[in-house]
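Commentary on secondary and tertiary structure
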Amino acid sequence: MQYLSKDDIEGQGQVLKNGGGDSVKETKTLKTYILDPSEKFLKRWSVGFVLSCVTAVALDPLFFYLPVINQSKKCIGFDSRLWKTTLVLRSFFDIIHLLNIILQFRTGFVDEELRKQGKPELNTDAWKIAQKYLWPWFLFDILSILPIPQVVVPIIISEMRGTESTNKVKFLNAIVLFQYVPRVYQIYLSWRKLITNDKKFDRIILVKASLNFILYILAGHVLGAFWYFFSTQRLAACWHVACDQNRTRCYGTSFNCSDRSSGDLSFINDICPINVPNTTSTFDFGIFLLALQSGVLESPDFPQKLFFSFWWGMRNLRFAHIRLLFFYI
């Protein structure tokens, strides 16, 4: 049996002491990754994230201006420049959302029961933080950044360009509209979290009034974009009806401006007239007739389309017209 000397024992004791100190230091280092929601950085991030959520929702309707109608050739074009610009901007704000998701897993919280008892204590347990965030807030965040308009809108335009009528478009419209629920609700959640962590925003009436005004303007913008998008679909639906009635004259053709055969589709003007009242027309364009008669669907000028649709959306921001849009979907 080997005996240890006094010096050896003291040396090992020193090692254990140092090892324990390093362990404590490492624990403290890990805890520093859990952020306090009252920190200035997170307060500023919360303000920036609310603004990014509003901006992201304002950018999504730009996808609805991608189809461009060519009335003389009876075809539907695609605005490639707008597509690239909107795709880059949407990707940028999706990255911000991803960074916010990461921050949610590293931000502590104060238990409500302890707060009611007058013992507000910051919970820095990573597992409890994850449990609190995973359901249902994580689900809303994931649904908000799904690339639905990037994928679905080009598919809708592709279906519109076909000469045969299909019911897929209505289903795809519902999918695009569905994503607005978590994205708009995310604005509300981000705002509630902001005023919870920083009470001064809740007391400043100007901030609350400005947010409400921005949301009102945003609603008109979104409604106008949907009106433009559904107007192109309504016109394409009339073209489909005309081709269903004259299948031989539409055979081998499409409504794609970049891939058109030499087919004569002038007969569509008799079935889908846009310069006569709906009472004398065989096809009812409903609230979308103004878009067809104004020529905004054919205009290559994007600002003109944007502001005209925005004007219509603000003027018709009433429940009755919104109900008509939902009925069309």
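Procedures and definitions
Residues numbered from 1 in each chain as written. Predicted model: local features only at pLDDT ≥ 70, side-chain atom pairs only at ≥ 80, totals over all residues. Heavy atoms only, no water. Helix = DSSP H or I, 4+ residues; strand = E, 2+ residues; numbered from the N terminus. Buried < 20%, exposed > 50% of the residue type's maximum accessible area, 1.4 Å probe, protein only. Contact = heavy atoms within 4.5 Å. Salt bridge = Lys/Arg side-chain N within 4 Å of Asp/Glu carboxyl O. Expected span 1.5 Å × (residues − 1). Core = buried A, V, L, I, M, F, W, Y, C linked by side-chain atoms within 4.5 Å. UniProt positions renumbered as here; feature names shortened; annotations may be inferred. Patch = residues over 30% accessible without salt bridge, like charges linked within 9 Å, V, L, I, M, F, W, Y side chains within 5 Å. Areas by Shrake-Rupley, 256 points an atom, 1.4 Å probe, with all protein chains shown as cover. Axes fitted to C-alpha atoms, helices over the stretch in contact; angles between N-to-C directions. Parallel < 35°, antiparallel > 145°, perpendicular 65-115°, else oblique. Left-handed = near helix turned anticlockwise from the far one by under 90°. Nonpolar A, V, L, I, M, F, W, Y, C, P; charged D, E, K, R; others polar. Phe/Tyr/Trp six-rings, centres within 6.5 Å; stacked < 30°, edge-to-face > 60°. Lys NZ or Arg CZ within 6 Å of the ring centre and 35° of its normal. Disulfide = S-S within 2.5 Å.

Looking up the chain in an unreviewed UniProt entry gives the name Ion transport domain-containing protein, with the organism given as Castanea mollissima.

Focus on the overall build of the chain
A tally of regular secondary structure across the chain gives 15 helices and four strands. Sorting the 329 residues of the chain into buried and exposed places 40% on the buried side. Look at the contacts in the chain between residues 6 or more apart in sequence, and 74% of them connect residues 24 or more apart.

Observations regarding the pattern of salt bridges
Pairing between side chains of opposite charge can happen when their charged atoms approach one another. According to the stated counting rule, one finds four salt bridges in the structure shown. Asp60 is the salt-bridge partner of Arg183, the closest N and O atoms lying 2.8 Å from each other. Of this pair, Arg183 sits in helix α8 (residues 180–197) while Asp60 is found in the loop between α2 (40–59) and β1 (67–70), placing the two residues 123 residues apart along the sequence. In this structure Asp60 comes out as buried when scored by relative accessible area, which is 3%.

Considerations on helix α6 (residues 148–161)
In this model, α6 (14 residues) spans 20 Å end to end at C-alpha, consistent with the 20 Å of a helix rising 1.5 Å per residue. Within α6 the residues assigned to the buried category are Ile148, Pro149, Gln150, Val152, Val153, Ile156, Ile157, Met160 and Arg161. Among the structural elements, β1, β2 (75–78), α3 (80–105), α7 (168–178) and α10 (205–245) are those in contact with the buried residues of α6.

With respect to the nonpolar core
Membership of the largest hydrophobic core comes to 62 residues, with the highest contact counts inside it found for Phe64, Ile156, Trp239, Ile268 and Phe285. Residue contacts for Ile268: discarding those within four places in its chain leaves Lys74, Trp239, Ala242 and Phe255. Grouped together as the second largest cluster of nonpolar side chains are five residues, Val50, Trp191, Leu194 and Ile195 included.

Focus on the UniProt feature "transmembrane region" (unreviewed entry) in the chain
Taken from the UniProt record, the annotation "transmembrane region" (unreviewed entry) applies to residues 45–66, 87–105, 134–157 and 209–230. Along residues 87–105 one finds 100% helix and 0% strand; the C-alpha atoms at either end are 28 Å apart. Structurally, residues 134–157 comprises 92% helix and 0% strand, and the distance from its first C-alpha atom to its last is 36 Å.

Details of a nonpolar patch on the surface
Together, Ile95, Leu99 and Ile102 make up a nonpolar patch on the protein surface, roughly 290 Å² of accessible area in all. Examined against the element boundaries, Leu99 turns out to sit in helix α3. According to the relative accessible area criterion, Leu99 is partly exposed, its value standing at 43%.

Some remarks on the packing of α6 against α7
Contact geometry for α6 and α7: axes closest at 10 Å, N-to-C directions at 160°. What the angle tells us is that α6 and α7 run roughly antiparallel. Where α6 crosses over α7, the handedness of that crossing is left-handed. In contact with Ile148, Val152, Ile155, Ile156 and Glu159 of α6, α7 contributes Lys168, Val169, Leu172, Asn173, Ile175 and Val176.

Points about the packing of α10 against helix α14 (residues 302–315)
The contact between α10 and α14 brings their axes to 7 Å, and the two run at 115°. Taken as axis vectors, α10 and α14 run roughly perpendicular relative to one another. Once α10 is placed against α14, the crossing between them reads as right-handed. Two secondary-structure elements touch here, α10 through Tyr216, Ile217, Gly220, His221, Leu223, Gly224, Ala225, Trp227 and Tyr228 and α14 through Lys305, Leu306, Phe308, Ser309, Phe310, Trp312, Gly313 and Met314. Here the contact of α10 with α14 is built from residues that sort into eleven nonpolar, five polar and one charged.

Notes on the packing of aromatic side chains
Taken as a whole, this structure holds 20 aromatic pairs when the rule is applied. Between Phe308 and Trp311 the ring centres are 5.4 Å apart and the planes differ by 45°, which places this aromatic pair in the tilted class. Linking Phe308 with Trp311, this pair stays in helix α14, spanning three residues, or about one helical turn. Its guanidinium or amino end placed over the ring of Phe109, Lys132 lies 5.1 Å from that ring's centre, counting from NZ or CZ.

Thoughts on unusual backbone geometry
Phi is positive for Lys74, which is not a glycine, with a value near 55°. On the secondary structure map, Lys74 appears in the loop between β1 and β2.

Side note on the state of the cysteines
Across all of its chains, the model carries three disulfides by this definition. Cysteine pairing in the chain follows 1-5, 2-6, 3-4, where each cysteine in a disulfide is numbered by its order in the sequence.

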